[in-house]
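# Chain and residue survey
As a plain string of letters, each chain reads:
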Amino acid sequence: MRDPKAPERSPATLDPEDRAELRRQAHRMLDDALDFLEGVPEGPVWRPMPPEIRASFDAPLPSGPSPLANVHEEFARSVLPHGTGNVHPRFFGWVHGGGNPAGMLGEMLAATLNSNLGGRDHAGVEVERQVVRWMRQVFGLPATASGIVVTGSSMANFMGVSVAKTSKLGTATRTAGLDVSNTKLVAYTSVRAHSCVARAMELSGLGSDALRLVPVDADHRMDIAALRTMMAHDRVEGRTPFLIVGTAGTVDVGAFDDIATLADIAEQERLWLHVDGAFGSLCALSPDLKHLVRGLDRADSIACDFHKWMQVPYDAGLLMVRDEQAHRAAFANEPAYLARATRGLAAGSPWFTDFGPELSRGFRALKVWFTMKVYGLDALGNVIAETCRVARDLRDRVLAEPELELMAPVASNIVCFRYRTNDSDRVNDEIVIALQESGLAVPSTTRIDGKLAIRAAIVNHRTRTSDVNLLIDGVLDHGRRLRNG
Ligand SMILES: *Cc1c(COP(=O)(O)O)cnc(C)c1O
């Protein structure tokens, strides 16, 4: 029976008739989610998906309804046990953040409000602006700096390259493309740069051939002398250097380019300095690690991820640009249907759509805001310092085990090593897969000087030294078995 006091409902509405039942089910789902998180450390990090579960995703188009409780049950059976596993303290693969409860709840509240952060005058925009101002302070950028929350550093690096290009060529390039330039623009990054930097060159129309890959020194940092030589050579050949992309925290070994020296060179040569600081830029939060990002406050633009070392649930990244005018010049436009007003909901210019390629944007900033406020930046910096401490323990354990070999210096939170044996590439690859399938731990692999390495990135705030010791025990077990087998 309909409550006579309840408002008239649209016959097409998706809101429930039985609000009490929705409320009960919603609480059940939240309790289940919290139970799941509490139980994570006892379970496997990851498990292969049984074929019948995979097949269940082949169900026909759901033309008719199903009760929310049933769909949740299916989720609990098919989806929940088969995540990536990066919430687990023994997830060491790639660079994956662990998430956090405050951020998870913030994400739920963002979906509740269902705000569109493309622009207009509402509190969501103020939340994102505040996050940007806070990050400006974290990185030591001037009050002229702008920023925007994006999906991640792949997007932020692409946008950073686009802003650098428009700044070099002028806004005419937005209509005329690269025809406005009579010389070939070239950019520089190290051979250790993330592949999304090359993709940013592809997408911005400059082409990845115009990205010079500068060799690195023994510590995997960009070789400054080589950079100068390559740049001088390009100038002699009539090409125009316009951009240096430094890396704070390389993805394979966690090395830091000398940002301060890159800033000197960019200043002397009048180039744009973009820093891919996907995870490493956040060393600015830790008094013990701040020295690794010396000079970051001189960058023209910075890409950073909240979803890695800052533990915000996926996805959330950031682009910061030193000069707001340059940032807007690359993206701003105002068709009639997006006209700005000085009062009413269409006020609040500039809108976030003026700072990036997207119009409709989610309220990602809210989970970032919750995470920053609830824990405080000191505690988040301390998480980062602690993961580096655990990484040093892991390195020391590797050095203490004669069967293992350290493959690269440990500058921050990533340790690359291998089990010493004949046919080492195959055996180490097999060790990593066996560990993943056993559920004990999830490392990943990379290649150092052409050799396959087991790679452990300590990113999760839950990871302790006992977890990395279990990883090493597992590597030794599988290594001995595979060596003899
Ligand atoms: C992870 C990472 C990226 C890509 O960032 P996404 O957030 O995954 O898009 C770029 N550069 C570095 C150094 C990274 O670690």
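Structure shown above.
Presented here is a report on the structure given in the accompanying data block. (Residues numbered from 1 in each chain as written. Predicted model: local features only at pLDDT ≥ 70, side-chain atom pairs only at ≥ 80, totals over all residues. Heavy atoms only, no water.)

Another point: the site of the ligand. Near the ligand there are 14 residues, and of these Ser154, Asp276, Asp305, His307 and Lys308 occur at the shortest range. Broken down by element, the shell around the ligand gets its largest block of residues, three residues, from helix H6 (residues 153–169). A class-by-class count of the residues in the shell around the ligand yields four nonpolar, seven polar and three charged. (Near = heavy atom within 4 Å. Helix = DSSP H or I, 4+ residues; strand = E, 2+ residues; numbered from the N terminus. Nonpolar A, V, L, I, M, F, W, Y, C, P; charged D, E, K, R; others polar.)

This model, assessed by the stated rule, comprises 27 salt bridges. Between Asp305 and Lys308 there is a salt bridge; the shortest N-O distance is 3.2 Å. As far as the burial class goes, Asp305 and Lys308 line up, both buried. A salt bridge links Asp423 to Arg426; its shortest N-O distance comes to 2.7 Å. Because the salt bridges share partners, they merge into one network encompassing Arg212, Asp234, Glu237 and Arg239. (Salt bridge = Lys/Arg side-chain N within 4 Å of Asp/Glu carboxyl O. Buried < 20%, exposed > 50% of the residue type's maximum accessible area, 1.4 Å probe, protein only.)

Here helix H1 (residues 19–39) spans 30 Å end to end across 21 residues, near enough to the 30 Å set by a 1.5 Å rise per residue. A side-chain oxygen of the first residue of H1 lies 3.3 Å from the backbone nitrogen of Ala20; this N-cap is Asp18. (Expected span 1.5 Å × (residues − 1). Polar contact = N/O pair within 3.5 Å; in protein donor to acceptor, adjacent residues only side chain to side chain.)

The subject of this paragraph is the nonpolar core. Counting 100 residues, the largest nonpolar core has Met135, Phe139, Ile244 and Phe306 as its most contacted members. The residues contacting Met135, other than those within four sequence positions of it, are Leu282, Cys304, Phe306, Met310, Leu318, Met320 and Met372. Phe92, Ile431, Ala441 and Leu482 belong to the second-largest nonpolar core, a separate cluster that totals 24 residues. (Core = buried A, V, L, I, M, F, W, Y, C linked by side-chain atoms within 4.5 Å. Contact = heavy atoms within 4.5 Å.)

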